[in-house]
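# A structural walkthrough
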Amino acid sequence: MTKNIRIKYFSDQIERLDYIDGKSDWIDLRSSEDVELKQGDFKLIPLGVAMELPQGYEAHVVPRSSTYKNFGVIQANHMGVIDSSYCGDNDMWYMPVIAMRDTVIHVNDRICQFRIMENQPKLSFSEVEHLKGEDRGGFGSTGKN
């Protein structure tokens, strides 16, 4: 079933979002302004869109695989989560970045990507003395290869 997402664009200079069925369910987002950063600078990169996500859904925003190679930036919060309550007329999406080298990001550069996920179901927790699963050897125990 296709979900319809209401979207507002803040710039006529960025390409409109496009879902490419069968290729990937991640959708590219673009910088909506030119940004020049010096190594160590922090910046919220404006993505030029606001959306009304369906109730019970959230968007996960992450860098593209080429973002660091092409622009030398890392996402400051590693993954952005935008919930359905962030849907006002001025709730533009941003990507918080830290520049690892001097760089320039231009209008319409594909800087990150997102996907829409259903919210986690309600959970409860039961404290126990022992778990039933087999021990794997602790954190980082799967080896170096």
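Rules behind the numbers
- Residues numbered from 1 in each chain as written.
- Predicted model: local features only at pLDDT ≥ 70, side-chain atom pairs only at ≥ 80, totals over all residues.
- Heavy atoms only, no water.
- Helix = DSSP H or I, 4+ residues; strand = E, 2+ residues; numbered from the N terminus.
- Rg over C-alpha atoms; globule rule 2.2 N^0.38 Å.
- Buried < 20%, exposed > 50% of the residue type's maximum accessible area, 1.4 Å probe, protein only.
- Contact = heavy atoms within 4.5 Å.
- Areas by Shrake-Rupley, 256 points an atom, 1.4 Å probe, with all protein chains shown as cover.
- Lys, Arg positive; Asp, Glu negative; His and termini not counted.
- Charge placed at Lys NZ, Arg CZ, Asp CG, Glu CD.
- Pairing = 2+ DSSP bridges.
- 1 Å grid on protein atoms, 1.4 Å probe; cavity = no way out; pocket = protein on both sides within 12 Å on 5 of 7 lines; lining within 4 Å.
- Points joined across faces, edges and corners; volume = space filled by probe spheres on them.
- Nonpolar A, V, L, I, M, F, W, Y, C, P; charged D, E, K, R; others polar.
- Patch = residues over 30% accessible without salt bridge, like charges linked within 9 Å, V, L, I, M, F, W, Y side chains within 5 Å.
- Salt bridge = Lys/Arg side-chain N within 4 Å of Asp/Glu carboxyl O.

### Some points on the overall build of the protein chain
- Of the regular secondary structure elements, the protein chain holds one helix and eleven strands.
- Mapped from its N terminus to its C terminus, the protein chain presents α and β elements in the order β-β-β-β-β-β-α-β-β-β-β-β.
- Rg of the C-alpha trace for the protein chain: 19 Å, well past the compact-globule value of 15 Å for 145 residues, more than 25% over.
- Per-residue burial over the protein chain gives 32% buried out of 145 residues.
- Relative to all contacts within the protein chain whose residues are 6 or more apart in sequence, the contacts with residues 24 or more apart total 76%.
- Accessible area of the protein chain: about 10,500 Å², with a carbon and sulfur share of 47%.
- Here the protein chain holds 17 positive side-chain charges and 22 negative ones, and the gap between their average locations is 4 Å.

### Some points on the pairing of strand E9 (residues 94-99)
- In terms of strand pairing, strand E4 (residues 42-46) meets E9 through five bridges, oriented antiparallel. When the bridges of E9 are listed, lysine 43 appears paired with valine 97.

### Looking at the layout of surface pockets
- In this model, the largest pocket occupies a volume close to 510 Å³.
- Taken together, 19 residues line the largest pocket, and the ones lying closest to its centre are Lys3, Ile5, Tyr19, Ile27 and Ile116.
- Secondary-structure elements contributing two or more residues to the lining of the largest pocket are strand E1 (6-9) and strand E11 (110-118).
- When residues of the lining of the largest pocket are assigned to their parent elements, the largest contribution, five residues, is made by E11.
- For the lining of the largest pocket, a count of residues per class yields twelve nonpolar, two polar and five charged.
- Its boundaries defined by the atoms lining it, the second largest pocket holds a volume of some 300 Å³.

### Some points on unusual backbone geometry
- In this model, histidine 78 sits at a positive phi of 65 degrees, which is unusual for a non-glycine residue.
- Along the chain, histidine 78 turns up in the loop between strand E7 (73-75) and strand E8 (80-83).
- One non-glycine residue, asparagine 108, lies in the positive phi region at around 80 degrees.
- On the secondary structure map, asparagine 108 appears in the loop between strand E10 (103-105) and E11.

### Details of a nonpolar patch on the surface
- On the surface, Phe42, Leu44, Tyr86 and Tyr94 cluster together into a nonpolar patch covering about 380 Å² of accessible area.
- For leucine 44, the location among the structural elements is in strand E4.

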